[in-house]
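Structural description and commentary
Chain by chain, the residues run as shown.
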Amino acid sequence: MIKIDKKLVKNLLPKREQNSNKGTFGKVLNIVGSNEYIGAGLLCALASLKSGAGYSILLSEERAIEHYKNLSPDLIYKSHNIIILFLKLIVHNLTYCLL
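The notes below deal with the structure included here. (Residues numbered from 1 in each chain as written. Predicted model: local features only at pLDDT ≥ 70, side-chain atom pairs only at ≥ 80, totals over all residues. Heavy atoms only, no water.)

What about the nonpolar core?
What counts, and what does not: We define the nonpolar core as a collection of buried residues of types Ala, Val, Leu, Ile, Met, Phe, Trp, Tyr and Cys that are connected through side-chain atoms lying within 4.5 Å of one another. Relative accessibility thresholds used throughout: buried, under 20% of the residue-type maximum; exposed, over 50%; partly exposed, between the two (1.4 Å probe, protein chains only). Only DSSP runs of H or I covering at least 4 residues are called helices, and only runs of E covering at least 2 are called strands; the numbering of each starts at the N terminus. Only heavy atoms matter for contacts: two residues are in contact if any of them lie within 4.5 Å across the pair.
By size, the foremost hydrophobic cluster in this structure holds 10 residues: Val 32, Ile 38, Leu 42, Ala 45, Leu 58, Ala 64, Ile 65, Tyr 68, Leu 75 and Tyr 77. At the level of secondary structure, the elements contributing two or more residues to this core comprise helix 2 (39-50) and helix 3 (62-71). A total of 3 residues in this core trace back to one element, the largest contributor, which is helix 3. If we skip the residues at most four places from it in the chain, Leu 75 touches Leu 42, Ala 45, Leu 46, Leu 49, Ser 56 and Leu 58.

Some details on the layout of surface pockets
Over the atoms rolls a probe the size of a water molecule, and its path tells where empty space is left. For clarity, the cut-off: The pocket and cavity definitions rest on a 1 Å grid over protein atoms only: a 1.4 Å probe that fits but cannot leave marks a cavity, an open set with protein on both sides within 12 Å along at least five of seven lines marks a pocket, and residues lining either have an atom within 4 Å of a point. Grid points are joined across faces, edges and corners, and a volume is the space filled by probe spheres set on the points. Under the convention adopted here, Pro, Cys and the residues Ala, Val, Leu, Ile, Met, Phe, Trp and Tyr are nonpolar, Asp, Glu, Lys and Arg are charged, and Gly plus all remaining residues are polar.
As a volume, the largest pocket reaches approximately 210 Å³. Lining the largest pocket, in full, are Lys 10, Leu 13, Pro 14, Lys 15, Arg 16, Phe 25, Ser 51 and Gly 52. When its residues are assigned to classes, the lining of the largest pocket shows 3 nonpolar, 2 polar and 3 charged.

What about the side chain of Ser 56?
Defined as follows: Polar contacts, as used here, are pairs of N or O atoms within 3.5 Å; protein pairs need one atom able to donate a hydrogen and one able to accept it. Residues neighboring in sequence count only if both atoms are side-chain atoms.
Structurally, Ser 56 is set in strand 2 (residues 55-60). Its relative accessible area of 1% is what places Ser 56 among the buried residues. Here the side chain of Ser 56 touches Asn 30 through a polar contact of 2.8 Å, side chain to side chain.

Remarks on helix 2
Threshold: Multiplying 1.5 Å by the helix residue count minus one yields the expected span of that helix. This arc is taken over the directions from the axis of the helix to the C-beta atoms.
Helix length check: helix 2, at 12 residues, gives a terminal C-alpha distance of 16 Å against a target of 16 Å (1.5 Å per residue), a fit within 8%. Within helix 2, burial applies to Gly 41, Leu 42, Ala 45 and Ser 48. All buried residues of helix 2 project into a common sector of 125° when viewed along the axis, lining one side. Looking at helix 2, the residues exposed on the side facing more than 90 degrees away from the buried face are Ala 40, Leu 43 and Lys 50. Where helix 2 is buried, its residues meet strand 1 (27-31), strand 2 and helix 3. A positive backbone phi angle near 120° is found at Gly 52, which sits one or two residues after helix 2.

Structure (C-alpha coordinates):
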(Lines give C-alpha, C1' and ligand atoms only; values in the text may rest on other atoms or scores of the structure.)
Protein backbone atom coordinates (compact mmCIF):
# COMPACT_ATOMS: atom_id res chain seq x y z
CA MET A 1 0.00 0.00 0.00
CA ILE A 2 1.29 3.47 -0.91
CA LYS A 3 1.01 6.19 1.70
CA ILE A 4 -0.12 9.45 0.12
CA ASP A 5 1.41 12.32 2.03
CA LYS A 6 2.55 15.88 1.37
CA LYS A 7 6.04 14.78 0.27
CA LEU A 8 4.74 12.29 -2.31
CA VAL A 9 2.31 14.78 -3.80
CA LYS A 10 4.95 17.53 -3.91
CA ASN A 11 7.27 15.26 -5.89
CA LEU A 12 4.53 14.40 -8.40
CA LEU A 13 3.67 18.00 -9.22
CA PRO A 14 5.79 19.90 -11.76
CA LYS A 15 8.16 22.54 -10.42
CA ARG A 16 7.12 26.16 -10.95
CA GLU A 17 9.67 28.49 -12.49
CA GLN A 18 10.43 31.67 -10.54
CA ASN A 19 9.78 33.92 -13.54
CA SER A 20 6.35 32.41 -14.30
CA ASN A 21 2.93 34.04 -14.17
CA LYS A 22 -0.76 33.10 -14.34
CA GLY A 23 -0.60 32.55 -18.08
CA THR A 24 2.12 29.94 -17.64
CA PHE A 25 -0.11 27.56 -15.72
CA GLY A 26 -3.04 27.14 -18.07
CA LYS A 27 -6.71 27.91 -18.11
CA VAL A 28 -9.62 25.79 -16.93
CA LEU A 29 -13.12 26.28 -18.30
CA ASN A 30 -15.71 25.20 -15.72
CA ILE A 31 -19.14 24.74 -17.30
CA VAL A 32 -21.22 24.56 -14.16
CA GLY A 33 -24.19 25.41 -12.06
CA SER A 34 -27.81 26.16 -12.16
CA ASN A 35 -29.94 28.90 -10.70
CA GLU A 36 -31.02 26.64 -7.84
CA TYR A 37 -27.78 24.84 -6.89
CA ILE A 38 -24.77 27.12 -7.14
CA GLY A 39 -22.42 25.73 -4.48
CA ALA A 40 -20.92 22.76 -6.34
CA GLY A 41 -20.05 24.82 -9.40
CA LEU A 42 -18.26 27.41 -7.31
CA LEU A 43 -16.31 24.75 -5.42
CA CYS A 44 -15.27 23.13 -8.69
CA ALA A 45 -13.98 26.40 -10.14
CA LEU A 46 -12.12 27.32 -6.95
CA ALA A 47 -10.60 23.84 -6.75
CA SER A 48 -9.05 24.30 -10.18
CA LEU A 49 -7.24 27.41 -8.89
CA LYS A 50 -6.13 25.62 -5.73
CA SER A 51 -4.78 22.73 -7.78
CA GLY A 52 -2.52 25.02 -9.80
CA ALA A 53 -4.43 26.45 -12.75
CA GLY A 54 -3.48 29.99 -13.69
CA TYR A 55 -6.98 31.03 -14.67
CA SER A 56 -10.31 29.50 -13.78
CA ILE A 57 -13.17 30.58 -16.01
CA LEU A 58 -16.66 29.86 -14.72
CA LEU A 59 -19.31 29.56 -17.43
CA SER A 60 -22.86 29.39 -16.14
CA GLU A 61 -26.33 30.81 -16.50
CA GLU A 62 -26.76 34.58 -16.17
CA ARG A 63 -28.63 34.53 -12.85
CA ALA A 64 -26.16 32.08 -11.29
CA ILE A 65 -23.23 34.29 -12.32
CA GLU A 66 -24.61 37.15 -10.22
CA HIS A 67 -24.46 34.89 -7.14
CA TYR A 68 -20.96 33.64 -7.98
CA LYS A 69 -19.56 37.15 -8.38
CA ASN A 70 -20.55 37.99 -4.82
CA LEU A 71 -18.87 34.86 -3.45
CA SER A 72 -15.43 34.89 -5.08
CA PRO A 73 -13.48 37.62 -6.88
CA ASP A 74 -10.72 35.13 -7.87
CA LEU A 75 -12.56 33.66 -10.83
CA ILE A 76 -13.30 34.88 -14.34
CA TYR A 77 -17.05 34.83 -14.99
CA LYS A 78 -18.77 34.28 -18.32
CA SER A 79 -22.43 33.69 -18.96
CA HIS A 80 -24.15 32.56 -22.07
CA ASN A 81 -27.57 30.99 -21.71
CA ILE A 82 -27.70 29.51 -25.22
CA ILE A 83 -24.38 27.70 -24.83
CA ILE A 84 -25.42 26.36 -21.43
CA LEU A 85 -28.70 25.05 -22.81
CA PHE A 86 -26.94 23.40 -25.74
CA LEU A 87 -24.33 21.77 -23.49
CA LYS A 88 -27.00 20.53 -21.08
CA LEU A 89 -28.77 18.84 -23.98
CA ILE A 90 -25.53 17.19 -25.11
CA VAL A 91 -24.67 15.99 -21.61
CA HIS A 92 -28.21 14.73 -21.03
CA ASN A 93 -28.17 12.76 -24.28
CA LEU A 94 -24.64 11.44 -23.71
CA THR A 95 -25.63 10.20 -20.27
CA TYR A 96 -28.32 8.04 -21.82
CA CYS A 97 -25.95 6.83 -24.56
CA LEU A 98 -23.35 5.79 -21.99
CA LEU A 99 -25.87 3.83 -19.93
